Amino acid sequence: MTAAAQSEMDAHWMRQALSAARDAQHRDEVPIGTCIVVGDKVLAVAGNRTRTDNDPTAHAEMVALRVAAKEVGNYRLSDAIVYSTIEPCVMCAGALIQARVRRLVYGAQDERAGAVESRFRVCDTDFLNHRIEVSAGVLEEECREIMQEFFRARRQDQRSEVGGQRSEVGDQISE
């Protein structure tokens, strides 16, 4: 496959992950999405579900890995390519190693908690028995923007709540 064709295919599957991220955002989840494919077959598409499911492990990658493993009937996904909108955390990167995925493609780095390149190098460390081919920066701007929008809105909501509480306190004091 040519580099241009690979790039086009990566962008196509990343758009599926972005769609899952938007769905997560509509559920008031952190908008991260994951799409897992083998060849041209989609095994799973998922967004974050930590709040929805009250499950700290329900990150988009973890949810998608569970669905994909059930789909193929094996916890090993050695031919799979995982597309994630944001660089996976330690838990998710570790799960990708355990699943033996072939390749990880992600959109934007997570400078605070990224475990693939930003903070740790879980996917290509010599200490583990499996290494994953990694491609970063696919639709990076779109992936970063959806996260920035989400947290900008959340900060604005928090400021509004604090301002509303102050005004209620002020009303009570003046009464």
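Note: the structure precedes this text.
Figured I'd write up the structure that's included with this text.

**Thoughts on the sheet that holds strand β2 (residues 41-47)**
And then number 1: Within the open sheet, the 5 strands sit side by side as β2-β1-β3-β4-β5. Their pairing is mixed. In this open sheet, the two strands that pair with only one neighbour each are β2 and β5 (133-136). Across the sheet, the mean angle separating the axes of adjacent strands is 15° when strand polarity is ignored.
And then number 2: Note: strand β4 (residues 103-108) against β5, 4 bridges, orientation parallel. Looking across to β5, one finds that Y106 is bridged to A136.
And then number 3: With respect to the sheet, helix α1 (residues 3-26) is in contact with β1 (33-38), β2, β3 (81-86) and β4, its orientation differing from that of β3 by roughly 55°.

**Here's the deal with the pattern of salt bridges**
And then number 1: Evaluated as defined, the whole model comprises 10 salt bridges.
And then number 2: Measuring nitrogen to oxygen at the nearest pair gives 2.9 Å for the salt bridge that ties D124 to R121.
And then number 3: A relative accessible area of 31% places D124 in the partly exposed class.
And then number 4: Here D126 and R131 are joined by a salt bridge, their closest N and O atoms 3.5 Å apart.
And then number 5: One salt-bridge network, in which partners are shared between bridges, spans D10, R103 and E133.

Conventions used here
- Residues numbered from 1 in each chain as written.
- Predicted model: local features only at pLDDT ≥ 70, side-chain atom pairs only at ≥ 80, totals over all residues.
- Heavy atoms only, no water.
- Pairing = 2+ DSSP bridges.
- Helix = DSSP H or I, 4+ residues; strand = E, 2+ residues; numbered from the N terminus.
- Axes fitted to C-alpha atoms, helices over the stretch in contact; angles between N-to-C directions.
- Contact = heavy atoms within 4.5 Å.
- Salt bridge = Lys/Arg side-chain N within 4 Å of Asp/Glu carboxyl O.
- Buried < 20%, exposed > 50% of the residue type's maximum accessible area, 1.4 Å probe, protein only.

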